[in-house]
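These are the residues of each chain, in order.
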Amino acid sequence: MQDVHRVNVLGGELSYLRTGSGPTVVLLHTLRTQLEYFLPLVRALGPDVDVVAPDLPGHGHSAAPAVEYTATYFTDAAERFLDATDLHHVVLVGESIGGAIALGLAARRNPRLARVVALNPYDYGSGGGIRRSSPLANLIFTAALWPVVGPLVLAAGTKGILRKVMEGGVHDPRNLPPDLIDELWACGKLPGHGRAFLSLCRQWRTWIDARAAYASIELPVTLVYADHDWSREEEREANRRALPAARNLSLDACGHFSCLERPQQIAGLIGEEVSRARSA
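A quick note: this is a predicted structure, and the numbers were derived from the prediction, not measured.

As a further point, take the overall build of the chain. The helix and strand inventory of the chain stands at 12 helices and 8 strands. Against the compact-globule benchmark of 19 Å for 280 residues, the chain has a radius of gyration of 17 Å, which places it among compact chains. Counting every position in the chain, which comprises 280 residues, the buried fraction comes to 56%. In the structure as shown, the chain presents an accessible area of about 11,500 Å², 53% of it carried by carbon and sulfur atoms. With 28 positive and 30 negative side-chain charges, the chain shows a spacing of 3 Å between the two charge centroids.

So this is what it looks like as structure tokens:
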């Protein structure tokens, strides 16, 4: 892929896409995906935006350091990535864990950020919110939490199982590109990535604990939930209370992976936030 670069962050290389020119929009992807997840959104945003989309540690073509993949670790990595690439006045857009990371950076009052868009933030669910996506995912990710058995369960997966699990994140399975599944499957076999994903699954409590910092956020935030997201209404309402000044939006007929299902709509709301950031 053209426009893909690499930068060293926290002792490991991160791969990232940078394309277009104009106001800077940084995209942080979901759990178990990678920068290619955002390609429909990148196309919808067009060339007049400086789009920067990293593969998070242990995902895509980024390195998978031997660390615990906690919410704090991912937020640290995102913060160092912004430093390493020297980005300023950023509209930070994250989906799933990316949304929770974006809110975490906002809570730190990171000076490189202008505004935050949090899509279906992943900060809920005993044992991990992904268990709610389907009976198959519940079985797999419950077993993944067990000592000894967990690594064997994840290692025994197939591309077909991966696709079935991913289908639990979309309202319409036709919105799940086959080439994305191929890329996810290939990258999931890279050295250290299986261990990194297992650690991420087992650190589910840290994503819930990270919500405590949301009350410190002063930046403008847009909080977006799809009507078929894995989160429950009481969990969404808790975030709305924690972020009383946030702009709240909803997406109809859409699942957890909203950037695959509603790229044009997401691009539109990002454009609105970019305009607000430029006029601030």
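What follows continues from the structure just given.
All chains considered together, the criterion is met by 0 disulfides. The thiol sulfur of C187 is not disulfide-bonded, and the nearest other cysteine sulfur, from C201, lies at 17 Å. Look at C187 and you get buried, because its relative accessible area is 2%.

Taken in spatial order, the 8 strands line up as β1-β2-β4-β3-β5-β6-β7-β8 in an open sheet, and their pairing is mixed. Edge positions in the sheet fall to β1 (4-9) and β8 (247-255), since each of these pairs with one other strand and no more. Going from strand to strand, the sheet's axes swing by 25° on average, the running direction of each strand aside. Two strands pair when backbone bridges link them, and strand β3 (residues 24-28) and strand β5 (residues 90-95) are joined in this way by 4 bridges, in the parallel orientation. Each residue of the ladder has a partner; that of L28, found in β5, is G94. Running at roughly 115° to β1, helix α2 (residues 71-84) makes contact with β1, β2 (12-19), β3, β4 (50-54) and β6 (113-119) of the sheet.

Bringing helix α10 (residues 233-242) into the picture now. Residue pairs spaced three or four apart in an α-helix point in one direction, given the helix's 3.6 residues per turn. The complete set of buried residues in α10 reads E235, R236, A238 and N239. The buried residues of α10 all sit within an arc of 155° when viewed along its axis, so they share a single face. Exposed residues lying more than 90 degrees from the buried face of α10 are E234 and R241. On its buried face, α10 sits against β7 (221-228).

To continue, consider the side chain of T222. Among the structural elements, T222 can be located in strand β7. Assessed through its relative accessible area of 1%, T222 is described here as buried. At 3.2 Å, the side chain of T222 forms a polar contact with the side chain of E273. What T222 contacts, discounting residues up to four positions off in sequence, is V116, V117, A118, R247, L249 and E273.

Sheet analysis places β7 next to β8, joined by 6 bridges and oriented parallel. Bridged to A226 within β8 is L251.

Calculation criteria
- Residues numbered from 1 in each chain as written.
- Predicted model: local features only at pLDDT ≥ 70, side-chain atom pairs only at ≥ 80, totals over all residues.
- Heavy atoms only, no water.
- Helix = DSSP H or I, 4+ residues; strand = E, 2+ residues; numbered from the N terminus.
- Rg over C-alpha atoms; globule rule 2.2 N^0.38 Å.
- Buried < 20%, exposed > 50% of the residue type's maximum accessible area, 1.4 Å probe, protein only.
- Areas by Shrake-Rupley, 256 points an atom, 1.4 Å probe, with all protein chains shown as cover.
- Lys, Arg positive; Asp, Glu negative; His and termini not counted.
- Charge placed at Lys NZ, Arg CZ, Asp CG, Glu CD.
- Disulfide = S-S within 2.5 Å.
- Pairing = 2+ DSSP bridges.
- Axes fitted to C-alpha atoms, helices over the stretch in contact; angles between N-to-C directions.
- Contact = heavy atoms within 4.5 Å.
- Arc of directions from axis to C-beta.
- Polar contact = N/O pair within 3.5 Å; in protein donor to acceptor, adjacent residues only side chain to side chain.

Keep in mind that these numbers describe shape and distance, not what the molecule does.
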